[in-house]
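Residue strings, one per chain:
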Amino acid sequence: QVQLVESGGGLVQAGGSLRLSCAASGSTFSINAIGWYRQAPGKQRELVATISTTGDTKYASSVKGRFTVSRDKVKATVYLQMNSLKPEDTATYYCCTGKWSGSSYYTGPSDYWGQGTQVTVSS
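Quick notes on the rules
- Residues numbered from 1 in each chain as written.
- Predicted model: local features only at pLDDT ≥ 70, side-chain atom pairs only at ≥ 80, totals over all residues.
- Heavy atoms only, no water.
- Pairing = 2+ DSSP bridges.
- Helix = DSSP H or I, 4+ residues; strand = E, 2+ residues; numbered from the N terminus.
- Axes fitted to C-alpha atoms, helices over the stretch in contact; angles between N-to-C directions.
- Disulfide = S-S within 2.5 Å.
- Buried < 20%, exposed > 50% of the residue type's maximum accessible area, 1.4 Å probe, protein only.
- Salt bridge = Lys/Arg side-chain N within 4 Å of Asp/Glu carboxyl O.

Student: Explain the sheet that holds strand β7 (residues 67-72) here, please?
Tutor: Hydrogen bonds between backbone atoms are what pair the strands of a sheet, whose relative direction is either parallel or antiparallel. Spatial ordering of the open sheet is given by β1-β3-β8-β7, a layout of four strands whose pairing is antiparallel. Only two strands of the sheet have a single partner each, and these edge strands are β1 (2-7) and β7. Averaged over all adjacent pairs, the angle separating strand axes in this sheet is 15 degrees, with direction ignored. Across six bridges, β7 lies against strand β8 (residues 77-82) in antiparallel orientation. The partner of Thr68 across the bridge, within β8, is Gln81.

In structure tokens:
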């Protein structure tokens, strides 16, 4: 069992910054990677960024250069630093466990999701 709790969302103006946190507990040794997803009303869920247990990171083209994912192994927490926020970044952000297989990242029924944290960027 793994539990994930997101926090750090809020309301910011365009160009502002937020740092989201994903705190993991339970059987964290079983985690291969953590992914950040976001979903806005009327839009499909989008994979934003991932970080592996070894620290390797990947980003969606829409956020590359603006968002940074990092980890604190002692606190078992993954962070998503979001800079230069745009209104189109408005969404509910979720962290989840997952894994890389070749060049693809996926989650499945055995993976775990947090409750989500709302990010709203005003124009």
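Student: Help me understand the state of the cysteines in this model?
Tutor: The term disulfide refers to a covalent linkage connecting the sulfur atoms of a pair of cysteines. The tally for this structure, following the rule as stated, stands at one disulfide. Between the sulfur atoms of Cys22 and its disulfide mate Cys95 the distance is 2.1 Å. Sign of the S-S torsion, about 75 degrees for the bond between Cys22 and Cys95, identifies this disulfide as right-handed. Here Cys22 is found in strand β3 (residues 18-26), whereas its partner Cys95 is found in strand β9 (residues 91-101), with 73 residues between them in sequence. Taken as a pair, Cys22 and Cys95 share a single burial class, namely buried. No disulfide involves Cys96; its sulfur sits 7.3 Å from that of Cys95, the nearest cysteine.

Student: Explain the pattern of salt bridges here, please?
Tutor: Any two side chains of opposite charge can pair, on the condition that their charged atoms come close. Under the counting rule described, the total for this entry stands at three salt bridges. The partner of Glu46 in a salt bridge is Arg38, and the shortest N-O contact between them spans 2.8 Å. Residue classification places Glu46 among the partly exposed positions, given a relative accessible area of 27%. Here Asp89 ties to Arg66 by a salt bridge, and the two come within 2.7 Å at their closest N and O atoms. On the criterion of sequence distance, the pair formed by Asp89 in the loop between β8 and β9 and Arg66 in the loop between β6 (57-59) and β7 is long-range, its members being 23 residues apart. This pair shows no difference in class: Asp89 is buried, exactly as Arg66 is. Look at the salt bridges and you will find they share partners, linking Arg38, Glu46, Arg66 and Asp89 into a network.

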